[in-house]
Amino acid sequence: MSHDAHEFFDFDEQEPPRRSRAGGWRIVLVVLVGVVVALIFAVASLLSFDKAGRLADWAGNSMVVSGTYQTMTHDLVTKDYNGIYAGIMPDNELLKDHPFDNGLNDPAQAEGGEQITFRGTQTGQQDSDFLEAVDALVAVDDGQLRIMDTDEPGSYGEGITDSTVTGQRVKAGVLAALSLLSVAGTVWGVRALNRRAR
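**Thoughts on the overall build of the protein**
When its secondary structure is counted, the protein shows four helices and six strands. Counting helices and strands in the order they occur from the N terminus, the protein gives α-α-β-β-α-β-β-β-β-α. For the protein, the proportion of its 198 residues judged to be buried stands at 31%. Expressed as a percentage of contacts within the protein between residues at least 6 apart in sequence, the contacts between residues at least 24 apart total 64%. Summed over all atoms, the accessible surface of the protein reaches about 12900 Å², with 56% contributed by carbon and sulfur.

**Regarding the nonpolar core**
As a rule of thumb, nonpolar side chains are buried together in soluble globular proteins. Counting residues in each nonpolar core, the largest one holds 17 residues, and the members touching the most others are Met89, Phe100, Phe118, Val138 and Leu145. Listed by contribution, the elements that provide at least two residues to this core are β1 (62–74), α3 (94–97), β4 (115–124), β5 (133–141) and β6 (144–151). Excluding residues that lie within four positions of it along the chain, Phe100 makes contacts with Met89, Asp106, Pro107, Ala108, Ala110, Ile116, Thr117, Phe118, Val138, Leu145 and Ile147.

**A short note on the sheet that holds β4**
Within the open sheet, the six strands sit side by side as β3-β6-β5-β1-β2-β4. Their pairing is mixed. In this open sheet, the two edge strands, each paired with only one partner strand, are β3 (100–101) and β4. Looking at chain direction, β5 and β6 are connected through seven bridges and run antiparallel. Of the residues in β6, the one forming a bridge with Val140 is Leu145.

**Description of the environment of Val36**
Topologically, Val36 is positioned in helix α2 (residues 21–58). Here Val36 falls in the partly exposed class, since its relative accessible area comes to 47%. Along the chain, Val36 and Val183 lie 147 residues apart, while their C-alpha atoms are 9.8 Å from each other.

**Some words on the pattern of salt bridges**
Taken as a whole, this structure holds four salt bridges when the rule is applied. The salt bridge involving Arg54 is made with Asp50; its shortest N-O contact spans 3.5 Å. Linking Arg54 with Asp50, this pair stays in helix α2, spanning four residues, or about one helical turn. Residue classification places Arg54 among the partly exposed residues on the basis of a relative accessible area of 40%. Where Asp141 meets Arg146, a salt bridge forms, and the shortest distance between an N and an O atom there is 2.9 Å. With relative accessibility at 30%, the residue Asp141 sits in the partly exposed group. A cluster of three or more residues bridged by salt bridges with shared partners is formed by Asp101, Asp141 and Arg146.

Reading the values: rules and limits
- Residues numbered from 1 in each chain as written.
- Predicted model: local features only at pLDDT ≥ 70, side-chain atom pairs only at ≥ 80, totals over all residues.
- Heavy atoms only, no water.
- Helix = DSSP H or I, 4+ residues; strand = E, 2+ residues; numbered from the N terminus.
- Buried < 20%, exposed > 50% of the residue type's maximum accessible area, 1.4 Å probe, protein only.
- Contact = heavy atoms within 4.5 Å.
- Areas by Shrake-Rupley, 256 points an atom, 1.4 Å probe, with all protein chains shown as cover.
- Core = buried A, V, L, I, M, F, W, Y, C linked by side-chain atoms within 4.5 Å.
- Pairing = 2+ DSSP bridges.
- Salt bridge = Lys/Arg side-chain N within 4 Å of Asp/Glu carboxyl O.

All we've got here are geometric facts, nothing functional implied.
Okay, here's the thing in structure tokens:
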């Protein structure tokens, strides 16, 4: 065998193997999954921080009214409907200084233990779109007690406090950390697949 032929075969043996298509697809898949998961956590974190900001305005100036679904009424903004709920007004110091705006009638003074109706904040098209039971967050807004939000029973505890706001901020921080961990995990996964493909 000639010297040139020997060098040719040596060069051929030293050529690095090409990365398989399967390895390339794995990397693309890891990146896509990582980006999607990181975005989900990031958006959830931003929403939680936003909610914490809104809750901070109501801390110490809110209470919770439980209600059961009665019927629905036209929404004041969209073409959908809001649920109407009936409940009992809790005994709270806020009732002494602020009239209650139930979203259905003119604001009026209410008393603890009084039977009330109020407009929920969720929208829908039919009865089945609305929760059968809700907790309504009632807070002082522009000198009146208004329904700020309605959600599943237990969503607001006994009302918004400073600890509620702190808990919401902690939740937002944890979600932000999970988003960063997802990015870090994606980078680690891509590097691991690159090493394996060599």
